[in-house]
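# Report on the structure
Next come the chains, spelled out residue by residue.
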Amino acid sequence: MSDDKGPKNPLEIKKKILADPNTALIAQKLGVDLEEYVEGVLFFAMNPDAKPELVVVTDEVAKERFGITLPKEAEIIQQFNTELELATVADKTDFQAARAKPVQMETPDSPASERNAEDAKLKEELKKQLRGKGGGNA
C-alpha cells in the first residue's frame, strides 16, 4: 500500500526543496548557507514529529543578522491590548440593561414610628376596601 503524502526518499525531497525558487531567498534572508538550510528543511521533512530548536538572540544580533528591530515591552503590551480590543469588539454593544430603583432599607436612624403609622393606615384602608367588596371579616 502506498502513501500519497509525497516522496519519502531523501534525495527526491531534497530535489523538490532546491527546485522551489523561495528556498534560496529564504536561506539568503536568514544568512544561512543554502546547503545548510536545505539540510535543515530535509531533516524536518523526514522527521515531522521533531521539535525545532529555540534560539534566543539579543536585539543587536537580530538587527545585525536579520535586519529586524524587535519591539520593546511597552510596544508589545500596546499591540496585545489593541489586538484584544479588536478581537472582542463584536462582544460590545451600546445596550445597557434597565436599572431598578434602589430599595429603601431600614436604617437604625430611620423613624420607625412614621413607618408603623403608615403601615397601620394602609392596613386600615385595605380592610375598608375588603369589607366594601364583600370580603368578609378581616
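Reference entry: report on the structure contained in this document. Not measured: the values here are computed from a predicted model. (Residues numbered from 1 in each chain as written. Predicted model: local features only at pLDDT ≥ 70, side-chain atom pairs only at ≥ 80, totals over all residues. Heavy atoms only, no water.)

Before going further, it helps to spend a moment on the overall build of the protein. Broken down by element type, the protein carries six helices and zero strands. Order of helices (α) and strands (β) in the protein, N terminus to C terminus: α-α-α-α-α-α. By the burial criterion, 7% of the 138 residues in the protein qualify as buried. Considering only intrachain contacts with a sequence separation of at least 6, the fraction spanning at least 24 residues in the protein is 37%. About 12900 Å² of surface is accessible on the protein, with carbon and sulfur atoms providing 57% of the total. (Helix = DSSP H or I, 4+ residues; strand = E, 2+ residues; numbered from the N terminus. Buried < 20%, exposed > 50% of the residue type's maximum accessible area, 1.4 Å probe, protein only. Contact = heavy atoms within 4.5 Å. Areas by Shrake-Rupley, 256 points an atom, 1.4 Å probe, with all protein chains shown as cover.)

Here we come to the packing of helix α2 (residues 21–30) against helix α3 (residues 34–46). Close contact between α2 and α3 brings their axes to 9 Å; oriented N to C, the two are set at 110°. Here α2 lies roughly perpendicular to α3, going by the angle between them. In the crossing of α2 with α3, the sense of the turn from one axis to the other is right-handed. Across the interface between the two elements, Thr23, Ala24, Ile26, Ala27 and Leu30 from α2 touch Leu34, Tyr37 and Val38 from α3. Across the contact of α2 with α3, the residue classes tally to seven nonpolar, one polar and no charged. (Axes fitted to C-alpha atoms, helices over the stretch in contact; angles between N-to-C directions. Parallel < 35°, antiparallel > 145°, perpendicular 65-115°, else oblique. Left-handed = near helix turned anticlockwise from the far one by under 90°. Nonpolar A, V, L, I, M, F, W, Y, C, P; charged D, E, K, R; others polar.)

Relative orientation and spacing of two packed helices are given, respectively, by the angle between their axes and the distance between those axes. At a minimum axis separation of 10 Å, helix α1 (residues 10–19) and α3 run at an interaxial angle of 125°. Put simply, α1 runs oblique to α3. Read as a crossing pair, α1 and α3 show a hand that is right-handed. Contact with α1, carried on its side by Pro10, Ile13, Lys14, Ile17 and Leu18, involves Leu34, Glu35, Val38, Glu39, Val41, Leu42, Ala45 and Met46 of α3 and no other residues of that element. Classifying every residue of the contact of α1 with α3 gives 10 nonpolar, no polar and three charged.

Throughout the structure, instances matching the rule amount to one aromatic pair. Between Phe43 and Phe44, the aromatic rings sit 5.2 Å apart at their centres with planes inclined by 80°, giving edge-to-face as the arrangement. (Phe/Tyr/Trp six-rings, centres within 6.5 Å; stacked < 30°, edge-to-face > 60°.)

On to the pattern of salt bridges, then. In total, this model carries three salt bridges according to the counting rule given. Between Lys14 and Glu35 there is a salt bridge, with its nearest N and O atoms 2.7 Å apart. Here Lys14 is found in helix α1, whereas its partner Glu35 is found in helix α3, with 21 residues between them in sequence. By relative accessible area, which is 37% here, Glu35 ends up partly exposed. Among the salt bridges present, the one from Lys14 reaches Glu39, with a minimum N-O distance of 3.0 Å. One end of the pair, Lys14, is in helix α1; the other, Glu39, is in helix α3, and 25 residues separate them in sequence. (Salt bridge = Lys/Arg side-chain N within 4 Å of Asp/Glu carboxyl O.)

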